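# Report on the structure
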Amino acid sequence: MSKAGNILILTQWSFKDALIQTYTLPYVNIIRKIIAPDRKIFLVTSEHENITLTDEEISQLNKEWENRNMQLLPGPYRRFGFKKMFAALGGLLRLIRIIKKEKIRTIHAFCTPAGAIAYLLSKFTGAELIIDSYEPHAESMVENGTWKRNGSAYKILFFLEKKQSQRAKALIATTAGMKQYASEKYRVDVQNLFVKPACVDPEKFFPSEKDAALLKELGFENKIICVYAGKLGGIYFKEEVFDFIRLCYDHWKDEFRFLMLTNADKEEIFSEIKRVGIPENVIKSRFTFHNDVPKYLSLGDFALNPVKPVPTKKYCTSIKDGEYWAMGLPVLISPGISDDSEIIEKENIGVVVDFSDHSAMIKAISGIEKLLKEKITVKAKIRQTAIGYRSFEIAEKIYKEIYT
């Protein structure tokens, strides 16, 4: 692979999104340390209107990044499909000009939707292609009901996922199973596969005392608290999450509280609270930027990862699990999620359960309660699991092999 030339890092997320802050920038920083100082890094983001950067913020950030020979290139976000691909033509031409002008030799894309654009750029410019977080996005969107298998979005992305698999000089998957998936689904025998799970920074995420002021503000003092950082619906369960909360409330009564770190609509949450028939004060929801997430997670006694266990999820990463583990939190998770479900079961650091099975959920709550009784020992064990399975040293080793 090329050891010279500048690098374009391509994403489909907003700069303020947690997927940039926790899942892109730490890796960009590792690459920055590894490559020669004279190689410049350009980071492309797709800005959602509700959290887009202001011109002043972009200017300030690029001023700070200048010393590190880095530059942010934000653009507008558009949903994947024909309209996006048509609208992206202008953006493609802009990026092609930048690639040629700035002597960019490597395009490093995070996830296959960004990889689809990166593939086209690579074909037009001859730049080498690297796909990071190589996962089956197109089929996953069909399985969770967001796309139709006969729809244009699925057909375009699936085709371009195959093309990425064929062209990329390096494919960085989150699980080793992607080699088999690529062979069976894309009919591509990949030889250049690396495996890098969603790593976590143990200096940002670590077990700490619950924030007394925050507990008081939320009305969660002296309560058993379950935390969940994520969305409702899509790749995640929704109704089942609130059914679970109802079961927890039945089990622990007024001792139980649920903290949801989400941007889900308040009315949607209230409607579910009403449906399951629990007091409103049992659930609190907050939207928080990633820097504040550890403070809120520290309030938790255990955590939830209600991903729908569709077949492709065993090949996909789950960022939140590493963060939960680093905080020392037992996790309740669906079966077949990445390697995480297997790790949780093997290490006995949580409970693997079918969220749609009422009786299994009741048993799962008892299983969590058992772990909470050994809180100090369990916390330390879970923390070590994060360090063992989610260390950034894994990423550093891979990037060194690719870039040096």
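These lines cover the structure that appears in this document, whether it is placed above or below. (Residues numbered from 1 in each chain as written. Predicted model: local features only at pLDDT ≥ 70, side-chain atom pairs only at ≥ 80, totals over all residues. Heavy atoms only, no water.)

### Structural notes on the pairing of strand β8 (residues 224–229)
The buried fraction of β8 is high, at six of six residues. Burial along β8 is two-sided: Ile-224, Cys-226 and Tyr-228 and Ile-225, Val-227 and Ala-229, pointing in opposite directions, are all buried. In the sheet, β8 pairs with strand β9 (residues 256–261) via six bridges, with the strands oriented parallel. Looking across to β9, one finds that Ala-229 is bridged to Leu-261. As a crossover connection, the stretch from β8 through helix α10 (residues 239–252) into β9 is right-handed. Across two bridges, β8 lies against strand β11 (residues 302–305) in parallel orientation. Among the inter-strand pairings, Val-227 is bridged to a residue of β11, identified as Ala-303. (Buried < 20%, exposed > 50% of the residue type's maximum accessible area, 1.4 Å probe, protein only. Helix = DSSP H or I, 4+ residues; strand = E, 2+ residues; numbered from the N terminus. Pairing = 2+ DSSP bridges. Right-handed = clockwise from strand over helix to strand, strands pointing away.)

### Digging into the sheet that holds strand β13 (residues 350–352)
Here we have six strands laid out as an open sheet, ordered β10-β9-β8-β11-β12-β13, and parallel in their pairing. The sheet terminates laterally at β10 (283–286) and β13, the two strands that pair on one side only. Averaged over all adjacent pairs, the angle separating strand axes in this sheet is 20 degrees, with direction ignored. Bridge count between strand β12 (residues 331–333) and β13: three bridges; the pairing is parallel. The residue of β13 that forms the bridge with Val-331 is Gly-350. Together, β8, β11 and β12 form the strand contacts of helix α13 (residues 319–326), whose direction differs from that of β11 by roughly 175 degrees. Sitting on the sheet, helix α14 (residues 340–347) touches β12 and β13, and the angle it makes with β13 is about 125 degrees. (Axes fitted to C-alpha atoms, helices over the stretch in contact; angles between N-to-C directions. Contact = heavy atoms within 4.5 Å.)

### A short note on the packing of α13 against helix α16 (residues 375–389)
Following both chains from N to C, one finds α13 and α16 inclined at 135 degrees, their axes separated by 7 Å at the closest point. Judged by the angle between their axes, α13 and α16 are oblique. Across the interface between the two elements, Gly-322, Trp-325 and Ala-326 of α13 pack against Ile-382, Arg-383, Thr-385, Ala-386 and Tyr-389 of α16. Class assignment of the residues belonging to the contact of α13 with α16 gives a composition of five nonpolar, two polar and one charged. (Parallel < 35°, antiparallel > 145°, perpendicular 65-115°, else oblique. Nonpolar A, V, L, I, M, F, W, Y, C, P; charged D, E, K, R; others polar.)

### Structural notes on the packing of aromatic side chains
All told, the structure shown has 15 aromatic pairs when counted by the stated rule. Cluster of aromatic residues (ring-pair linked, three or more members): Trp-13, Tyr-23, Tyr-27, Phe-110, Phe-392 and Tyr-399. (Phe/Tyr/Trp six-rings, centres within 6.5 Å; stacked < 30°, edge-to-face > 60°.)

### Digging into unusual backbone geometry
One non-glycine residue, Cys-111, adopts positive backbone phi at about 75 degrees. Along the chain, Cys-111 turns up in the loop between β4 (104–110) and α5 (112–125). Cys-111 sits in the buried class, given a relative accessible area of 15%. With a phi close to 60 degrees, Asn-222 is a non-glycine residue in the positive phi region.

### Looking at the environment of Val-142
By the secondary structure assignment, Val-142 is in helix α6 (residues 137–143). Taking the C-alpha atoms as reference points, Val-142 and Lys-320, 178 residues apart in sequence, are found 23 Å from one another.

### Notes on the environment of Thr-24
One can find Thr-24 in the loop between α1 (18–21) and α2 (25–34). Measuring from C-alpha to C-alpha, the distance between Thr-24 and Gly-91 comes to 21 Å, with 67 residues separating the pair along the chain. Apart from residues lying up to four places away in sequence, Thr-24 is in contact with Thr-11, Trp-13, Leu-19, Leu-43 and Phe-110. There is a polar contact of 2.8 Å between the side chain of Thr-24 and the backbone oxygen of Leu-19. (Polar contact = N/O pair within 3.5 Å; in protein donor to acceptor, adjacent residues only side chain to side chain.)

### As for the pattern of salt bridges
Tallied over the entire structure, the rule returns 16 salt bridges. Across the salt bridge formed by Lys-400 and Glu-396, the nearest N and O atoms sit 3.5 Å from each other. Of this pair, Lys-400 and Glu-396 both sit in helix α17 (residues 392–403), separated by four residues, roughly a single helical turn. On the basis of relative accessibility, which here comes to 32%, the residue Glu-396 falls in the partly exposed class. Several salt bridges converge on common partners, so that one network encompasses Glu-139, Arg-149 and Lys-185. (Salt bridge = Lys/Arg side-chain N within 4 Å of Asp/Glu carboxyl O.)

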